[in-house]
There are 2 protein chains.
Amino acid sequence: MASQEIEALSQALARLPGLGPRSARRAVLHLMKRRQAALEPLLSALQTVADKLSTCSTCGNVDTSDPCSICRDPRRDEKMLCVVEEVADLWALDRSRLFPGRYHVLGGRLSALEGVRPEDLTIDKLVRRVSAGGIDEVVLAMNATLEGQTTAHYLAERLEGFPVRLSQLAHGLPVGGELDYLDEGTLAQALRARRPVA
Amino acid sequence: MASQEIEALSQALARLPGLGPRSARRAVLHLMKRRQAALEPLLSALQTVADKLSTCSTCGNVDTSDPCSICRDPRRDEKMLCVVEEVADLWALDRSRLFPGRYHVLGGRLSALEGVRPEDLTIDKLVRRVSAGGIDEVVLAMNATLEGQTTAHYLAERLEGFPVRLSQLAHGLPVGGELDYLDEGTLAQALRARRPVA
Ligand SMILES: [Zn+2]
Ligand SMILES: [Zn+2]
């Protein structure tokens with residue numbers, strides 16, 4: 001139907017998460033019918049990001065500058081460090097604007113199954129950041145999975161002896177979670193971590 | 001959270017049909033983490049389409065060449081012409097690969113409410129195409145809406161007297177349509193257009 005160039009654009013868009021072949025075709029048509037309002041802005045935004053794309057050498061975030069905008073932001077509390085598995089986790093957490101400190105991206109999680117060992121992650125770098133001083137609290141924000149928790153335990157061992165408070169995200173009922181829709185694991189966690197009512 | 005450049009890209013993507021702000025952010029992260037595999041191919045495909053973007057001066061399709069790839073395709077039956085309201089309709093129809101001929105995009109539909117008159121559409125151009133000869137059949141593929149059908153009737157009048165067969169897409173039950181889920185209008189059409197069983 002369409003030219004090879006349009007097919008190529010359609011396929012490149014279809015590979016984005018959230019877009020399938022059908023919606024990619026609709027997106028292409030949308031872009032072609034709105035050259036000034038849609039195609040040109042997307043093209044220039046993409047070009048800019050491609051030109052400046054870099055991985056933060058401090059925290060591992062991907063951004064358009066190194067150090068990244070979070071590491072350079074003077075309003076961030078440099079005494080607090082939140083350790084996450086992936087850049088996606090950093091973005092998800094930071095979107096909530098609840099954490100006032102900085103981040104450290106491990107680049108994955110320890111996994112016997114997938115053969116991921118401590119030296120495959122940025123753990124030594126994390127230890128160096130902490131041992132350099134100036135950090136009061138390290139929040140271990142691993143996923144609530146077996147591998148995430150294994151990683152958190154390992155990190156807690158590696159950071160033992162440094163003058164920092166170690167904390168971990170609370171596990172329990174998600175906000176709005178109805179008991180009879182939750183899986184057993186979440187329920188068990190919530191029960192185990194129960195707190196006295198004032 | 002992210003730099004202004006990343007925000008701009010995220011917003012440009014969020015304006016695409018099928019992507020909201022949330023999936024746009026996921027898409028941006030996907031692109032930034034896969035520079036070679038995702039970002040570069042999308043950028044270059046987008047650049048190519050932007051460079052070559054044109055509206056076909058024959059049929060009104062948007063493509064990367066003028067005449068468009070359909071109008072230039074020698075395997076197309078030039079004796080058959082399918083008239084549609086919008087480029088999106090052309091793409092939707094052509095995707096099915098059921099129509100072997102060429103197209104004519106009106107650029108809308110007649111609408112008293114929205115003040116769209118015959119001269120706002122490419123109707124004169126359609127009449128010129130037909131009067132130039134070489135066309136045996138004109139398929140009026142308007143939407144099954146009041147305005148679509150008004151437009152089809154108007155076109156039928158304008159094309160009266162030319163030696164072409166005029167046809168129209170059949171209206172009736174959609175494939176797989178269950179009677180008790182269909183609206184009354186579709187049911188009425190299907191009943192009115194009923195055909196004898198062999
Ligand atoms: Zn950083
Ligand atoms: Zn054309």
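Residues numbered from 1 in each chain as written. Chains lettered and ligands numbered in written order. Predicted model: local features only at pLDDT ≥ 70, side-chain atom pairs only at ≥ 80, totals over all residues. Heavy atoms only, no water.

1. Remarks on the UniProt feature "zinc finger region: C4-type" (unreviewed entry) in chain A
With numbering matched to this structure, UniProt assigns "zinc finger region: C4-type" (unreviewed entry) to residues 56-71 of chain A. The straight-line gap between the two end C-alpha atoms of residues 56-71 of chain A is 8 Å; of that span, 19% is helix and 12% is strand. (UniProt positions renumbered as here; feature names shortened; annotations may be inferred. Helix = DSSP H or I, 4+ residues; strand = E, 2+ residues; numbered from the N terminus.)

2. Things to note about the UniProt feature "domain: Toprim" (unreviewed entry) in chain A
Residues annotated by UniProt as "domain: Toprim" (unreviewed entry) correspond here to residues 79-174 of chain A. For residues 79-174 of chain A, the end-to-end C-alpha separation is 28 Å, with 32% helix and 18% strand making up the annotated structure.

3. Things to note about the relation of the copies chain A and chain B
The operation relating chain A to chain B is a screw motion whose rotation component is 180°, with 0.0 Å of axial translation and a residual RMSD of 0.1 Å. Look at the turn and shift together and you get a two-fold axis relating the two. By residue overlap, the copies meet face to face through one surface: 100% of the interface positions of chain A are interface positions in chain B. (Least-squares fit on C-alpha atoms with pLDDT ≥ 70 in both. Contact = heavy atoms within 4.5 Å.)

4. A closer look at the pattern of salt bridges
All names here are of chain B. Evaluation of the coordinates by the stated rule reveals 26 salt bridges over all chains. For the salt bridge of arginine 102 with glutamate 78, the shortest nitrogen-to-oxygen distance reads 3.8 Å. In this pair, arginine 102 sits in strand S4 (residues 102-105) while glutamate 78 sits in the loop between helix H4 (69-72) and strand S3 (80-84), placing the two residues 24 residues apart along the sequence. Measuring nitrogen to oxygen at the nearest pair gives 3.9 Å for the salt bridge that ties glutamate 119 to arginine 117. A relative accessible area of 47% means that arginine 117 is categorised as partly exposed. (Salt bridge = Lys/Arg side-chain N within 4 Å of Asp/Glu carboxyl O. Buried < 20%, exposed > 50% of the residue type's maximum accessible area, 1.4 Å probe, protein only.)

5. Things to note about the coordination of the zinc ion (ligand 2)
Residue and element names in this part refer to chain B. Looking at the zinc ion (ligand 2), one finds its protein donor set to be Cys56 (SG), Cys59 (SG), Cys68 (SG) and Cys71 (SG), positioned 2.3 to 2.4 Å from the metal centre. Classification of the site at the zinc ion (ligand 2) as tetrahedral follows from its 4 donor atoms and the range of 104 to 116° in their angles at the metal. Sequence spacing of the donor residues for the zinc ion (ligand 2), all on one chain, is C-x2-C-x8-C-x2-C. For the residue pair cysteine 56 and cysteine 59, the accessibility class agrees, reading buried in each case. (Donors = N, O, S within 2.8 Å, 3.2 Å for Na, K, Ca; no water. Tetrahedral: all angles 85-135°; square planar, octahedral: opposite > 155°, others 65-115°.)

6. Details of the sheet that holds strand S6 (residues 165-168) of chain B
Residues and elements named next belong to chain B. Overall, parallel pairing links the 4 strands, which are arranged S4-S3-S5-S6 in an open sheet. Since the sheet does not close on itself, it has two edges, and those belong to S4 and S6, each with one partner. Taken pair by pair, the neighbouring strands of this sheet meet at an average axis angle of 25°, ignoring direction. Where S3 lies against S4, 4 bridges are found, and the strand directions are parallel. By the bridge assignment for S4, cysteine 82 is matched with tyrosine 103. Of the strands in this sheet, S3 and S4 are in contact with helix H5 (residues 87-95), which crosses S4 at around 160°. (Pairing = 2+ DSSP bridges. Axes fitted to C-alpha atoms, helices over the stretch in contact; angles between N-to-C directions.)

7. Side note on the coordination of the zinc ion (ligand 1)
All names here are of chain A. The protein atoms that coordinate the zinc ion (ligand 1) are Cys56 (SG), Cys59 (SG), Cys68 (SG) and Cys71 (SG), at distances spanning 2.3 to 2.4 Å. Coordination geometry of the zinc ion (ligand 1): the 4 donor atoms subtend angles of 104 to 115° at the metal centre, consistent with an arrangement described as tetrahedral. In the primary sequence, the donor residues of the zinc ion (ligand 1) line up as C-x2-C-x8-C-x2-C. Of the two residues, cysteine 68 and cysteine 71, neither departs from the other in class, the shared state being buried.

8. Section: the confidence of the model for chain A
Any residue range with low pLDDT should be treated as having predicted coordinates unsuitable for detailed reading. Taken as a whole, chain A shows an average pLDDT of 90; of its residues, 97% reach a score of 70 or greater. Across the interface, the model reports ipTM at 0.80; the global pTM reads 0.79. (pLDDT = per-residue confidence, 0-100.)

9. Concerning the interface of chain A and chain B
Chain A puts 48 residues into the contact, and the matching count from chain B is 48 residues. Of the roughly 4900 Å² buried between chain A and chain B on both sides combined, carbon and sulfur atoms contribute 73%. One can count 10 residue pairs in polar contact (both at pLDDT 80 or more) joining chain A with chain B. Looking at the side of chain A that touches chain B, the elements with two or more residues in it are helix H1 (4-14), helix H2 (21-33), helix H3 (35-52), strand S2 (62-63), helix H4 (69-72) and helix H5 (87-95) of chain A. For the side of chain A that touches chain B, a count of residues per class yields 29 nonpolar, 8 polar and 11 charged. (Buried area = accessible area lost by both parts, 1.4 Å probe. Polar contact = N/O pair within 3.5 Å; in protein donor to acceptor, adjacent residues only side chain to side chain. Nonpolar A, V, L, I, M, F, W, Y, C, P; charged D, E, K, R; others polar.)

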